[in-house]
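Remarks on the overall topology
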Amino acid sequence: MTVSLSLSQARRMALEAQGLARVRPTTPVTARAVGRTFAQLQLVQIDSVNVLARSHYLPFFSRLGNYDTAILQTMAGRAPRRMMEYWAHEASFIRPEHFPDLLAWQKRYWVGAHSLDEEVRIDMENRILAVLATSRPMTASELTAKLGHDEVQDRANWGWNWNVVKRVLEHLFEEGRVSAAARTAQFERRYALTSRVYPGGTPEWMDPDASMDRLIEAAAKAHGIGTVRCFADYFRTPAKAGQASVERLQRAGRLERVTVKGWDRDVFRHVDAKIPRRAEGRALLSPFDSLVFERRRLEELFGFHYRIEIYTPAAKRRFGYYVLPFLLREGIVARVDLKADRPGGRLLVRSAHAEPSAPSDTAEELAAELCLMGDWLGLQEVVVSPVGDLARTLNEAIAARRHSQDPLGGRVNPLTGETGYVALVSPVD
C-alpha cells in the first residue's frame with residue numbers, strides 16, 4: 001500500500017534529512033558536530049566565488065551557526081581525511097567512501113587534456129607523476145616551475161586559458177590518479193598522488209551497479225524524499241542508471257514509493273527518513289546548498305522559484321548577484337543579496353525581498369540571522385541598502401536589535417555630537 005503524504009509532511013521530511021528542521025545547538029560547535037553534519041549531507045559543493053564566504057563553508061553555518069572553518073581544513077587536508085575533493089554535484093567535497101563509486105561513473109572529460117596530442121599528454125603525465133612521487137603536494141604553478149615548462153598561453157578564452165601542466169593535472173584528477181591534498185589561501189589546489197590522499201591508499205575497482213546503488217541511496221538519505229531525478233542529480237549521475245538503481249533499492253526495501261499532494265511524478269522516500277512534528281529551523285542558504293540543488297524539487301516543495309544570477313548581466317538581474325534564500329521554520333520566506341565588505345568590517349545587504357507567504361516575524365528573524373552571520377564572518381556592522389520590499393522593515397529590525405543589545409555603546413553620534421546609539425544600517429527612503 002502506497003503511503004500518501006501532505007506537502008507539509010514532505011517538507012518536514014526533506015528539512016529533517018538535510019539537518020535544517022531543528023533549532024541550532026547553543027553549545028560551542030565541535031569538530032564532531034561538523035563531521036556529523038557532513039556525513040548527513042554526504043557532499044558539499046565547491047565554488048570559487050568568494051563575495052560572501054567560500055560556498056563550502058556556508059552549509060555548515062546554515063546548520064550549526066558560528067563554527068570554526070579551520071575544522072573543515074583539517075577534515076580535508078590532514079590524514080586520515082574525512083573529506084576529499086572530486087567531481088560530484090560539480091566540484092565537491094565528498095565522503096572518501098564515495099570516491100571509488102564516483103570514479104566508476106564520473107566522466108568530466110571537457111575540463112582536462114583530452115584534446116591534447118596523445119604523445120604530448122602522456123609525456124607530461126609521466127613527468128608530473130614522477131615529480132609528485134617524490135615531492136610535497138604542489139600547485140599547478142609550482143609544478144610548472146619545477147618542470148621548467150614555458151608556454152605561450154592563449155588569453156582569448158577567458159577562464160580556461162590553462163597551460164598544458166594544469167590541463168594534464170586536471171585530466172589526472174578526473175581519472176583519480178592525483179587528488180587535492182589541500183587548498184592554498186588563494187584557493188588553488190595542492191595536488192598529490194591519490195595514494196597519498198585517499199584513506200585506503202589506491203581505490204579498488206567497483207562494480208558499476210553496486211556503486212550506483214550506494215550513490216543513489218546516499219542521495220536518498222540526504223534528500224529524505226524525492227524523485228529519481230532528485231536522487232540522480234545529487235551526485236550528477238546518469239538518470240537512466242539512477243532509475244534502474246531506484247528499482248533495485250525498492251526491491252531491497254531501502255526505498256519506498258509514496259505520493260505527495262501536488263506532485264505529479266513518482267516520488268520515493270528513504271526508509272530511514274523521519275517526519276518531525278514541526279520544523280523549527282532558521283537559516284540563510286548558500287546558492288550552492290544541497291537543499292536548493294534541484295530547482296524543480298525546490299519549487300514543488302516550497303513554492304520557491306530560484307535562479308542563480310551570478311552570470312546574468314547586472315541590468316537583467318531580478319534579485320541580485322549573490323542571493324541567499326532565507327529558510328524560516330517550514331518555508332523559504334525571503335531572499336537577500338549579500339556581500340562581505342572585509343576591509344570595512346561590514347556585511348552588506350544589497351537587496352532584501354520577501355516571498356508572498358512570508359510570516360509577520362520574517363524581518364526580525366532575518367535580522368537575527370544576519371547579525372549571527374556577521375559575527376561568524378568577523379564583521380562588525382550589518383548595512384541594509386534600500387532595495388527590495390523587505391528592506392525597510394529589515395533595516396528597522398536590525399537597528400532595534402542592535403539598540404536592545406547595546407543602547408549606548410559609548411559611540412558618538414556624528415549628527416549631534418552626543419554619546420549614544422548610532423544605527424549600523426544605512427537609511428532606507
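Report follows, based on the coordinates. From a predicted model like this one, the values you see are computed outputs, not experimental measurements. (Residues numbered from 1 in each chain as written. Predicted model: local features only at pLDDT ≥ 70, side-chain atom pairs only at ≥ 80, totals over all residues. Heavy atoms only, no water.)

Taken together, Asp117, Glu118, Glu119 and Asp123 make up a surface patch of like negative charges. Tracing the backbone through its elements, the reader meets glutamate 118 in helix α6 (residues 118-132). (Patch = residues over 30% accessible without salt bridge, like charges linked within 9 Å, V, L, I, M, F, W, Y side chains within 5 Å. Areas by Shrake-Rupley, 256 points an atom, 1.4 Å probe, with all protein chains shown as cover. Salt bridge = Lys/Arg side-chain N within 4 Å of Asp/Glu carboxyl O. Lys, Arg positive; Asp, Glu negative; His and termini not counted. Charge placed at Lys NZ, Arg CZ, Asp CG, Glu CD. Helix = DSSP H or I, 4+ residues; strand = E, 2+ residues; numbered from the N terminus.)

Residue proline 80 is reached from alanine 79 by a cis peptide bond, and omega for that bond is -10°. One non-glycine residue, arginine 236, lies in the positive phi region at around 55°. Looking at the secondary structure, you find arginine 236 in the loop between α10 (228-234) and α11 (239-251). Phi at arginine 329 takes a positive value of approximately 55°, unusual for a residue other than glycine. With relative accessibility at 31%, the residue arginine 329 sits in the partly exposed group. (Buried < 20%, exposed > 50% of the residue type's maximum accessible area, 1.4 Å probe, protein only.)

As summarised here, the arrangement of the 5 strands in space is β10-β11-β12-β13-β14, forming an open sheet in which the pairing is mixed. Among the strands making up the open sheet, the edge pair consists of β10 (282-284) and β14 (381-384). Averaged over all adjacent pairs, the angle separating strand axes in this sheet is 30°, with direction ignored. Two strands pair when backbone bridges link them, and strand β13 (residues 346-354) and β14 are joined in this way by 4 bridges, in the parallel orientation. When the bridges of β14 are listed, valine 349 appears paired with valine 384. Those strands touched by helix α14 (residues 391-405) are β13 and β14, and its axis lies near 155° from that of β14. (Pairing = 2+ DSSP bridges. Axes fitted to C-alpha atoms, helices over the stretch in contact; angles between N-to-C directions. Contact = heavy atoms within 4.5 Å.)

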